Amino acid sequence: MRRWLEVESGVVSGEPSIGQPGGQPIDWWVMRAGDLHRFISLLKSEFDEVIGPVAVDGVIRLRPIESADDLPTGFTEQQETGSYRLLETGTSLRFSYGLGPDSLKSIVHPPRSPVWTMRRHDGTLIVDQALHGTTTRAVIGARACDLRALDILERTQTGGQHTDPAFAVHRQGLFLVAIDCSHPAPTCFCDTGGDGPVADHGYDIAITELDHPNGIVYLVRVGTDHGRSLIESLHLAPAPRTFLEHRDHQHRSISREFIRELPKDAAKVVRLADHPHWNDVAERCLTCGNCTAVCPTCFCTDMDDIVGLDGETATRTRVWDTCFSMEYSHLGPGPHRTSPAARYRQWLSHKLGTWHDQFGESGCVGCGRCITWCPVGIDLTAEVESLGRPVEANA
Amino acid sequence: MQHTSATPIAWPESIEHGQSPSLAVWKFASCDGCQLSLLDCEDELMAVAGRVAISYFPEATTAMVDGPYDVSLVEGSITTEHDAARILDIRRQSRLLVTIGACATAGGIQALRNGRDVDGFTSIVYAHPEYITTLATSTPIADHVRVDLELRGCPIDRGQLLQTLAALLNRHALRLPTTSVCIECKARQTSCVMVAHGTPCLGPVTQAGCGALCPSFHRGCYGCFGPMESPNVPALRTQLGLLGLAGVDIDRLLNTFNTTAFAELEQTQIDERAPS
């Protein structure tokens, strides 16, 4: 049995203390649609910004929301290699969709981040470090893989000797409302590439949207004291045991939906530097960098300097970069990863291989974003599988 | 994402001597749109005018100062014998020559004539074709003279133009992106029109610099900035075919403002991959 199912079956069959008003603390609450509106209003009053899933331009994206009316009610999507289509379901489900292109990376490690401004004053240069603000943000709709990716990203940005101040400030202001995944896309593989679709840590509040025969309900649990205090202020009813059993059933049915898997020997085969398959991928790869942009753990950046026409001011901005760019590997004599094969190999062998050496884990959570948003539909699980095949003698 | 331009630029000496460098703006076969990008720098125009001596710019002023010029911005492609001679003279008079826009850097849409029956076109279009003297080709400026820097696009990006002028005036390194338009598209969090809408888009093979303008209006990129640093045109053609585009429509998409650039690249890549 897979790890996430063990965790889940422990919760359901292990006699959880559901609790009663006035007795034991409540572990599971139940929300109806009206409560969801009250909940988001509460978040609006508590945080500077509330971000949630919104159907916009044919894609479900994480965007600032005003109320529960902005949620993608009745929308889902269809994903394949290199393809995403928004669809209407005709139901009142609000969270019945697979991942869009946005992960929490866009919030804690934004595409453009100011570093400093410089100005000339009385013959000297004055540098003003950028202030990253203390905006507090509640994010509704993080999936289990997003929470895991945030952990991984956090280790890369704050886990070592030097902490990235921008990341630390953005992370500190983040309040996470996870939504259990009920609709993994065919491009996902979190059951073999990550920790599975049910959030078991890293959230302040976690919600399961339950498609119950008697109507849609939201089962709520908390992961932090802050989450608990907010939920308790809503005076919700404790969840009946039958709802939790239904939830367990819903989660079990998801496990049958994963069609892709990451081969177990991924960390090993991506290090086969001379494998001829790298050239095969390179014939298809556009080196456009879409995969690294949507990857929730890819963190590489460059600096972009803009100097004013008058030569009196300059601004430095940190911008996302990509190992698919030739200039990314530009050292003294020029770029050293000139071939597309070398650049694809750099990305995959770091993500799945040397990330283990560097950070003690894989850099992949199995979200499948790189598969969907690759314009030509390159599927890393298939590429890893090919790398694992023995090389033919005359290849 | 931002990268040092391939050509190191030797900034004009006049800047070191504390003078305002002289600027000339020249037009060849083109629509004037790139020159207008300079005039369109409304907020910054006065700052530009204050720091350079605009010595020749007929689009903006009738006052003309004889050369030599510190910097020449050249718009348009070479399509006549007269222009082929004129660009040689301009090169001689210019310390630094910067081409601006797809016509000047790639021949422009008028390069569709290349390899076709130009006399036939002239006889259909003009009442008196005998008055027309033209070359059989439209060619980029760099085919005729040494070019110090190319700013791509149809039209150019005014931010890139201003950064070029700022780099020139303040003598700092200029960095222009060489990666795909996708990088800018994802950075501005536009939803991918190809993946999410099935809209044909040249973004993955086109050089960044426009800020991913067209996709932000739900249009596919039409490649006006020309090929990015390592464009894989055959792979994109395969995908455009899967999106339902016929071969002739893909040819049309690849043959617009950088008419020959993508097609030549594609042929080179096909030849490279063919089993010998």
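First, a word on what this report is: a plain description of the structure on this page.

Rules used throughout
- Residues numbered from 1 in each chain as written.
- Chains lettered and ligands numbered in written order.
- Predicted model: local features only at pLDDT ≥ 70, side-chain atom pairs only at ≥ 80, totals over all residues.
- Heavy atoms only, no water.
- Pairing = 2+ DSSP bridges.
- Helix = DSSP H or I, 4+ residues; strand = E, 2+ residues; numbered from the N terminus.
- Contact = heavy atoms within 4.5 Å.
- Axes fitted to C-alpha atoms, helices over the stretch in contact; angles between N-to-C directions.
- Phe/Tyr/Trp six-rings, centres within 6.5 Å; stacked < 30°, edge-to-face > 60°.
- Buried < 20%, exposed > 50% of the residue type's maximum accessible area, 1.4 Å probe, protein only.

All names here are of chain A. If you trace the 8 strands from one edge of the open sheet to the other, you get S3-S2-S8-S9-S10-S11-S1-S12, paired in mixed fashion. The sheet is open, and its two edges are formed by strand S3 (59–64) and strand S12 (237–238), each paired on a single side. By the bridge criterion, 5 bridges tie strand S8 (residues 137–142) to strand S9 (residues 174–179) in an arrangement that is parallel. Across the sheet, the residue bridging to Ala-142 is Ala-178, located in S9. Against the sheet, helix H8 (residues 241–254) contacts strand S1 (29–31), strand S10 (205–212) and strand S11 (215–222), and its axis sits at roughly 85° relative to S10.

What follows is about the packing of aromatic side chains. All names here are of chain A. Tallied over the full model, the rule gives 13 aromatic pairs over all chains. Here Phe-299 and Trp-355 contribute two aromatic rings whose centre-to-centre distance is 5.7 Å and whose plane-to-plane angle is 75°, an arrangement assigned as edge-to-face. Residue Phe-299 is found in the loop between helix H11 (290–294) and strand S13 (301–307), and its partner Trp-355 is found in helix H12 (residues 340–359); the two are separated by 56 residues along the sequence. Like Trp-355, Phe-299 is buried. For the ring pair Phe-324 and Trp-347, a centre distance of 5.9 Å and an interplane angle of 55° mean the geometry is tilted. Of this pair, Phe-324 sits in the loop between strand S14 (313–320) and strand S15 (330–331) while Trp-347 is found in helix H12, placing the two residues 23 residues apart along the sequence. Just as Phe-324 is buried, Trp-347 falls in that class too.

Here the focus is the pairing of strand S5 (residues 83–88) of chain A. Residues and elements named next belong to chain A. Note that strand S4 (residues 75–80) and S5 share 6 bridges and pair antiparallel. Each bridged residue has a counterpart across the sheet, and for Phe-75 the counterpart in S5 is Glu-88. As consecutive antiparallel partners, S4 and S5 are separated by 2 residues, and within that stretch Gly-82 has a phi angle of approximately 70°, a positive value.

What follows deals with the sheet that holds strand S1 (residues 22–27) of chain B. Residues and elements named next belong to chain B. Reading across from one edge, S2-S1-S3-S4-S5 is the order of the 5 strands in this open sheet, with parallel pairing throughout. The open sheet has two free edges, formed respectively by strand S2 (53–56) and strand S5 (149–151), since each of these has just one partner strand. Mean inter-strand twist for the sheet, computed between neighbouring axes without regard to direction, equals 25°. Where S1 meets strand S3 (residues 69–75), 5 bridges bridge the pair, whose relative direction is parallel. From the neighbouring strand, Lys-27 faces S3, where its bridge partner is Glu-75. Where helix H4 (residues 81–93) meets the sheet, it contacts S1, S3 and strand S4 (94–100), and its direction lies at approximately 130° from that of S4.

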